[in-house]
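Chains, contacts and geometry: an overview
These are the residues of each chain, in order.
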Amino acid sequence: MPIILGDNRYGKAETHVVRIAKDGERHEIKDLTVSVALSGDMADVHLSGANASVLPTDTQKNTVFAFAQKHGIETAEHFAVLLAQHFVDSQPTIQHARVEVAECTWDRIEPWAGRRGAGEAQQHGHSFVRSGRETRTVVVHYDGEQTHVVSGLRDLVVLNSTASEFHGYIKDEFTTLPETSDRVLATAVTAQWRHAETDNAEIRAVDFDGEYDVARASLLEAFADTYSLSLQQTLYAMGTRVLDECAGVCEVKLALPNKHHFVVDLSPFGMENPNETFYAADRPYGLIEGTVLRENAPLAGPAWS
């Protein structure tokens, strides 16, 4: 049987760029890790080692830094779109670009409220502390005609200390888990939401920062508001809330690892434990994944790849 070259792509992974916008005494930080993957007319480089069609990955890295300086970083989404369109539109052998971005947040250091005279102190304009928040994520695909943008987040750790049950499930000879009408429900949310708009000009006009804030708040509120009989039910409620609140989003993917909290049996020590002291197990864990989308959502194309 003949052997042929299948799908392939190449690029520079995890270029860490920090851009500080210095507008007077108040500075702003954007901290991005950018991964680029390019594909196109790459048969020769695989079959014979001829590099005429290859844009070096070192050049891709340099482009990230140069674009950060030349264009600034409005949002992670806008920066990823700018890079993807540049790589495809500037190189005839590159027909598709995938740009993935992870953004870390820095908070401005606030005056300590307990210090004498702190009420008159101002925020530090150039001093920051690394935030303990989730990581913001972006994946952009561009093929020379359409731009697909998927925004998201990972490691958004949440917990409900009650208002969660789990019962009525299948039981076989290997089932030992007892049913419960009151349990801790905790997870580290990974969520991605696909923008319906793919027109290049319209994408540039999207308020990605504002939409991120709304999507994040929707995820948190739905988690808190849902009396949960299963983590799947909570997943669907969270995805639905994002779609209800974000008109430009057509599809939401969620991955929710169940961070199990088991009630510790303290009876050997003559002590009662009315659902107050827990063993937090890190593994193994249940993993609940699902997609919630509008019935008329446009086809995803390469958005999720």
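Our structure's up above, just so we're on the same page.
So, a few notes on the structure that sits alongside this text. From a predicted model like this one, the values you see are computed outputs, not experimental measurements.

We now examine the pairing of strand E2 (residues 26-40). Sheet topology note: the strand E1 (residues 15-23)/E2 ladder contains nine bridges and is antiparallel. Note on E2: the bridge partner recorded for Ala-21 is Glu-28. Adjacent in sequence and paired antiparallel, E1 and E2 are bridged by two residues, among which Gly-24 carries a positive phi angle near 70°. Across 10 bridges, E2 lies against strand E3 (residues 94-104) in antiparallel orientation. Bridging from a neighbouring strand, Ala-37 pairs with Arg-98 of E3.

Formed by 30 residues in total, the largest nonpolar core has its most connected members in Leu-32, Val-34, Leu-38, Phe-79, Leu-83, Val-99 and Val-101. Residue assignment for this core shows that the elements contributing at least two residues are E2, helix H2 (57-71), helix H3 (76-90), E3 and strand E6 (135-142). Contact partners of Val-34, with chain neighbours within four places excluded, come to Lys-12, Ala-13, Glu-14, Thr-15, Val-17, Val-64, Phe-79, Leu-83, Val-99, Glu-100 and Val-101. If you look at the next biggest cluster of nonpolar residues, it comprises 24 residues, including Leu-153, Leu-235, Val-252 and Leu-254.

Before going further, it helps to examine the sheet that holds strand E7 (residues 147-160). Strand order in the open sheet formed by eight strands is E1-E2-E3-E6-E7-E8-E9-E12, with antiparallel pairing between adjacent strands. Each edge of the open sheet is held by one strand with a lone partner, namely E1 and strand E12 (286-293). When strand polarity is set aside, the average angle formed by the axes of neighbouring strands in this sheet is 20°. Running over the sheet, helix H5 (residues 208-225) touches E2, E6, E7, strand E8 (185-195) and strand E9 (249-258) and is turned about 35° from E7. Its contacts with the sheet put helix H6 (residues 231-245) on E8, E9 and E12, and the angle it makes with E9 is roughly 150°.

A few words on the packing of aromatic side chains. Applying the stated criterion to the full structure yields two aromatic pairs. Considering the side-chain rings of Phe-166 and Tyr-169, the 4.7 Å spacing of their centres and the 20° angle between planes classify their relative orientation as stacked. Using a relative accessible area of 26% as the deciding quantity, one classes Phe-166 as partly exposed. Residue class for Tyr-169 comes out buried when judged on its relative accessible area of 17%.

The subject of this paragraph is the packing of H2 against H3. For the pair H2 and H3, interaxial distance at closest approach is 11 Å and the crossing angle is 125°. The pairing of H2 with H3 is recorded here as oblique in orientation. Read as a crossing pair, H2 and H3 show a hand that is right-handed. Mapping the contact onto sequence places Gln-60, Thr-63, Val-64, Phe-67, Ala-68 and His-71 in H2 and Phe-79, Leu-82, Leu-83, His-86 and Phe-87 in H3. For the contact of H2 with H3, the per-class residue count stands at seven nonpolar, four polar and no charged.

Secondary-structure assignment places Arg-216 in helix H5. Polar side-chain contacts of Arg-216 include one of 2.8 Å to the side chain of Glu-134. Apart from the residues within four sequence positions on either side, Arg-216 is in contact with Arg-133, Glu-134, Leu-153 and Leu-156.

Checked against the element boundaries, Val-140 lands in strand E6. Residue class for Val-140 comes out buried when judged on its relative accessible area of 0%. Ignoring any residue separated from it by four or fewer positions in sequence, one finds Val-140 in contact with Glu-77, Ala-80, Val-81, Ala-84, Ala-97, Arg-98, Val-99, Thr-147, His-148 and Val-149.

Axis separation between H5 and H6 bottoms out at 8 Å; the angle between their running directions is 140°. Between H5 and H6, the angle falls in the class oblique. The crossing of H5 and H6 is right-handed. Here Val-214, Ala-215, Ser-218, Leu-219, Glu-221, Ala-222, Phe-223 and Asp-225 of H5 lie close against H6, whose contacting residues are Thr-234, Ala-237, Met-238, Arg-241, Val-242 and Glu-245. A breakdown of the residues in the contact of H5 with H6 according to their chemical character gives eight nonpolar, two polar and four charged.

Given 3.6 residues per helical turn, the α-helix brings residues three or four places apart onto the same face. Its 15 residues place the ends of H6 21 Å apart at the C-alpha level, agreeing with the 21 Å of an ideal helix rising 1.5 Å per residue. Packing partners of the buried residues in H6 comprise E8, H5, E9 and E12.

Moving on to the side chain of Glu-77. Within the secondary structure, Glu-77 is located in helix H3. The exposure class assigned to Glu-77 is buried, which follows from its relative accessible area of 0%. Other than its neighbours up to four places away in sequence, Glu-77 contacts Arg-136, Val-138, Val-140, Val-149, Ser-151 and Phe-208.

Calculation notes
- Residues numbered from 1 in each chain as written.
- Predicted model: local features only at pLDDT ≥ 70, side-chain atom pairs only at ≥ 80, totals over all residues.
- Heavy atoms only, no water.
- Pairing = 2+ DSSP bridges.
- Helix = DSSP H or I, 4+ residues; strand = E, 2+ residues; numbered from the N terminus.
- Core = buried A, V, L, I, M, F, W, Y, C linked by side-chain atoms within 4.5 Å.
- Buried < 20%, exposed > 50% of the residue type's maximum accessible area, 1.4 Å probe, protein only.
- Contact = heavy atoms within 4.5 Å.
- Axes fitted to C-alpha atoms, helices over the stretch in contact; angles between N-to-C directions.
- Phe/Tyr/Trp six-rings, centres within 6.5 Å; stacked < 30°, edge-to-face > 60°.
- Parallel < 35°, antiparallel > 145°, perpendicular 65-115°, else oblique.
- Left-handed = near helix turned anticlockwise from the far one by under 90°.
- Nonpolar A, V, L, I, M, F, W, Y, C, P; charged D, E, K, R; others polar.
- Polar contact = N/O pair within 3.5 Å; in protein donor to acceptor, adjacent residues only side chain to side chain.
- Expected span 1.5 Å × (residues − 1).

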